[in-house]
Amino acid sequence: MSTTTPPEPRHVRRVALASAIGTMLEYYDFYLYGALSATIFGSLFFHSTDAAVGTLLALATFGVGFVARPLGGVVAGHFGDRVGRKSVLIATLALMGASTVGIGLLPTYETIGTAAPVLLVALRVLQGLAHGGEWGGAAIMTVEHAPEGRRAFYGTWPQMGVYAGIVVSNIVLGAFLLLPEDQFRSWGWRVPFLLGFVLVVVGLYLRRSIAESPEFARAAAEAGEPVKVPIVEALRTSGRGIFVTFGAKAAETGTFYLITVFALTLASQGSGPGQGVALNGVLVASLVSIGTVGLFGTLADRVGRRPVYVFGAAFMAVFAFPFFWLAGTGSPAALWVALVVGLAVGHASMYGAQTQYFSELFDARVRYSGASLGYQLGAALIGGFTPLVAAALMLRSGGEPWPVALYVVGLCLVTVLVVTLWGQVRTRTAPATAGAPTTL
């Protein structure tokens, strides 16, 4: 019979809030780069007479940060599974803050020539390493503190932080976009990155105040000593879980970066309504998503994680062509509808079930490593290069969006098949020490 003491609700909320604020700060920094790489970084850091080529190169550096994310996930997972979740979460946030300030202080191509893009890529790699370890730690820390029957809901708090980070970055960036264009290109774009460091300091203070995961502590005490190489053990015992997290990530990460990053490029071209309209649309969509992701998390606690996740992927497969039709009309209202429906319904439904679902695929002793590897591989190979792939597809098709819509449909079908055929949960994150594993 289990003698586990139920978690105190007040402490659970504190941990969830600390995780949410941490992911908010991470995505504030990360989204700033994504937005600017889709607009001005091509001309600031890359020497090219073709504006479209410069934008593609800048978007490629956005993808470079994602390449580093799996490595960051493996390193953070190694120490998170051996030493503890809390100390690793503090380290990832500190690294993100340092690299963000570096980007804000970086001279442009006009000042230092080819050293500018080289240093930019190096800083992007550091951001990617930090980001690679962030989600797994924040998500798992929250779920491992949460009570049974509410784990999917509390697991949405770090996801809410992602949307909140987009909101804050949009507000800050939108304020500086009010500057005359020459001033914004000269110094205005730097200030949001420097302000991000202040937010990181606040996040570090909050994370130092929370307790270590009780489930990690319990698993470590029962085992006697931690797994020597957690990622190897995760590959050996939970290979299916890693595969499922990767496949499930395809639709979620692809649609997320298509909506929040590539939509800015789309809106800035031809007869589009403009970058400012798109930024405001992403802001509104993110605000709505903060509420809907919690609702989908509550639904996942009631009906199961997999049905909610599959619904989101299937919805985005159906909505892919309408999304581009609405976004391509040139109407600000139509663009906003596309952004809100895509992010607050399609993406948020997958996001609402994701944290708890991915956590349940792994044993506590290798959970940080296994969940982070599958998650970050999907983010790196699919999410990071989706804006670049979308821009290249439109360039080859003469500006027609239908190839990009087909690409989105393909990602969503992969997710539906993987989660449906192989995504059954075999482990549980419940604190009880007795009873057989459940499946969802």
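Basis of the calculations
Each chain carries its own residue numbering, running from 1 in the direction its sequence is written. Only residues with pLDDT of at least 70 are given local features in this predicted model, and only at 80 or more are side-chain atom pairs given and counted; all residues enter the totals for whole chains, interfaces and linings. As a rule here, side-chain values come from all non-hydrogen atoms in the structure, and water together with hydrogens is ignored. Going along the chain from the N terminus, every DSSP run of H or I of four or more residues is numbered as a helix, and every run of E of two or more is numbered as a strand. Three exposure classes are used, based on accessible area relative to the maximum for each residue type with a 1.4 Å probe and protein chains only: buried under 20%, partly exposed in between, and exposed over 50%. Inter-axis angles, ranging from 0 to 180 degrees, are taken between N-to-C directions of lines fitted to C-alpha atoms, where helices are fitted over the stretch in contact. Working definition: roughly parallel below 35 degrees, roughly antiparallel above 145 degrees, roughly perpendicular at 65 to 115 degrees, and oblique for all remaining angles. Helix crossings fall into two classes, left-handed where the near helix is turned counterclockwise from the far one by less than a right angle and right-handed where it is turned clockwise. Here, two residues are considered to be in contact whenever any of their heavy atoms come within 4.5 Å of each other. Under the grouping applied here, Gly and all other residues not named as nonpolar or charged are polar, the nonpolar ones being Ala, Val, Leu, Ile, Met, Phe, Trp, Tyr, Cys and Pro and the charged ones Asp, Glu, Lys and Arg. Put simply, buried Ala, Val, Leu, Ile, Met, Phe, Trp, Tyr and Cys residues joined by side-chain atoms within 4.5 Å make one nonpolar core. Values of pLDDT, which run from 0 to 100, indicate the predictor's confidence residue by residue. Salt bridge, as used here, is a side-chain nitrogen of Lys or Arg placed within 4 Å of a carboxyl oxygen of Asp or Glu. For each structure, a 1 Å grid was placed over the protein atoms alone; sets of points admitting a 1.4 Å probe that cannot get out are labelled cavities, open sets with protein on both sides within 12 Å along at least five of seven lines are labelled pockets, and lining residues have an atom within 4 Å of a point. Grid points are joined across faces, edges and corners, and a volume is the space filled by probe spheres set on the points. Polar contacts, as used here, are pairs of N or O atoms within 3.5 Å; protein pairs need one atom able to donate a hydrogen and one able to accept it. Residues neighboring in sequence count only if both atoms are side-chain atoms. In this scheme, patches are assembled from residues that exceed 30% relative accessible area and form no salt bridge. Like charges are connected within 9 Å, while nonpolar side chains (Val, Leu, Ile, Met, Phe, Trp, Tyr) are connected within 5 Å. A 1.4 Å probe and the Shrake-Rupley method give the accessible areas. Residues count as covered only by the protein chains that appear here. To be clear, the arc concerns the directions from the helix axis to the C-beta atoms. Here the expected span of a helix is defined as 1.5 Å times the quantity of residues minus one. What is called the bend at a residue is the angle between a pair of axes, fitted to the seven residues leading up to and ending at it and to the seven starting from it. Any Phe, Tyr or Trp ring, taking Trp's six-membered ring, that has another such ring centre within 6.5 Å forms a pair; planes under 30 degrees apart are called stacked, those over 60 apart edge-to-face, and the others tilted.

Caption draft 1: Summary view of the environment of T114. Positionally, T114 belongs in the loop between α6 (109–112) and α7 (115–145). On the basis of relative accessible area, T114 is assigned to the exposed category, the value being 58%.

Caption draft 2: Just the packing of helix α13 (residues 239–268) against helix α17 (residues 367–383), in detail. With their axes 7 Å apart at the nearest point, α13 and α17 run at an angle of 40 degrees to one another. Here α13 lies oblique to α17, going by the angle between them. With respect to the hand of their crossing, α13 and α17 are arranged in right-handed fashion. Across from I242, T245, F246, K249, A250, T253, G254 and Y257 in α13, the residues of α17 making contact are G370, L373, G374, Y375, L377, G378, A379, L381, I382 and G383. Its residues assigned to classes, the contact of α13 with α17 comprises 10 nonpolar, seven polar and one charged.

Caption draft 3: Representation of the nonpolar core. Counting residues in each nonpolar core, the largest one holds 109 residues, and the members touching the most others are F41, F45 and W189. For this core, the leading source of residues is α13, giving 14 residues. With residues near it in sequence (within four places) discarded, W189 still touches L36, I40, F41, L44, F45, I103, L106, T108 and F184. L25, L93, A164 and V200 belong to the second largest nonpolar core, which has six residues in total.

Caption draft 4: Region of interest: the confidence of the model for the chain. Across the chain, pLDDT averages 86, with 91% of residues at or above 70. Predicted confidence is poor over residues 427–439, with pLDDT under 50, and the contacts of this stretch with residues over four places away or in other chains come to 37 contacts.

Caption draft 5: Representation of the pattern of salt bridges within the structure. For the coordinates displayed, the defined rule picks out 10 salt bridges. Salt-bridge contacts for E144 lead to R367; the nearest nitrogen and oxygen are separated by 2.7 Å. Here R367 lies in helix α17 and E144 lies in helix α7, a separation of 223 residues in the sequence. Each member of the pair, E144 as well as R367, carries the same accessibility label: buried. Close ionic contact of E360 with R305 constitutes a salt bridge, the shortest N to O distance being 2.8 Å. Placement of the pair is E360 in the loop between α16 (332–359) and α17 and R305 in helix α15 (residues 305–327), with a sequence separation of 55 residues. In this structure, E360 and R305 share a single accessibility class: buried. Connected via shared salt-bridge partners are D81, R85, E144, R151, E215 and R367.

Caption draft 6: Representation of empty space enclosed by the protein in the model. Applying the stated criterion across every chain yields a total of four cavities of 30 Å³ or more. Considered as a void within the structure, the largest cavity measures approximately 70 Å³ in volume. As for the largest cavity, its lining consists of D81, F216, A219, A220, A223, E225, P226, V227, A364 and R365. For the lining of the largest cavity, the element with the highest residue contribution is helix α11 (residues 214–223), accounting for four residues.

Caption draft 7: Representation of the side chain of T156 within the structure. Residue placement: T156 occurs in helix α8 (residues 151–176). Among the polar contacts listed, one links the side chain of T156 to the backbone oxygen of F153, at a separation of 2.5 Å. When neighbours within four sequence positions are excluded, T156 is seen to be in contact with V293, G294, G297 and G352.

Caption draft 8: Representation of a nonpolar patch on the surface in the model. Taken together, the side chains of L71, V75, F79 and V83 make up a nonpolar region of the molecular surface, amounting to roughly 380 Å² of accessible area. Tracing the backbone through its elements, the reader meets F79 in helix α4 (residues 69–82). Its relative accessible area of 45% is what places F79 among the partly exposed residues.

Caption draft 9: Spatial organisation of α11. The set of residues buried in α11 consists of E215, F216 and A219. Seen from one end, α11 has its buried residues packed into an arc of 100 degrees, which puts them on one side. Capping of α11 at its N-terminal end is provided by S213; its side-chain oxygen lies 3.3 Å from the backbone amide nitrogen of E215. Downstream of α11 by one or two residues, G224 has phi in the positive range, about 90 degrees.

Caption draft 10: Layout of the environment of L177. In this fold, L177 is placed in the loop between α8 and α9 (181–188). A residue is classified by how much of its surface remains accessible, and L177, at 28% relative accessible area, is partly exposed. Sequence separation between L177 and Q275 is 98 residues, and the spatial gap between their C-alpha atoms is 9.8 Å. Contact partners of L177, with chain neighbours within four places excluded, come to F184, Q275 and L279.

Caption draft 11: Spotlight on α8. Taking 1.5 Å per residue as the helical rise, α8 with its 26 residues ought to reach 38 Å, and the 39 Å between its terminal C-alpha atoms agrees with that figure. At P158, α8 shows its strongest bend, of approximately 30 degrees. Counting buried residues in α8 gives 21 out of 26 residues, a clear majority hidden from the surface.

Caption draft 12: Up close: the packing of aromatic side chains. Evaluated as defined, the whole model comprises 24 aromatic pairs. Plain terms: the ring middles of Y154 and W157 are 5.9 Å apart, the flat faces sit at 35 degrees to each other, and that makes the pair tilted. In this pair, Y154 and W157 are both assigned in helix α8, three residues apart and thus about one turn of the helix distant. Here the aromatic rings of Y163 and Y351 are separated by 5.7 Å at their centres, their planes lie at 65 degrees, and the arrangement is edge-to-face. Taken together, the residues Y163 in helix α8 and Y351 in helix α16 connect sequence positions 188 residues apart. Each member of the pair, Y163 as well as Y351, carries the same accessibility label: buried. Within the aromatic cluster, the residues linked to one another by ring pairs are F296, F311, F315, F319, F323 and F324.

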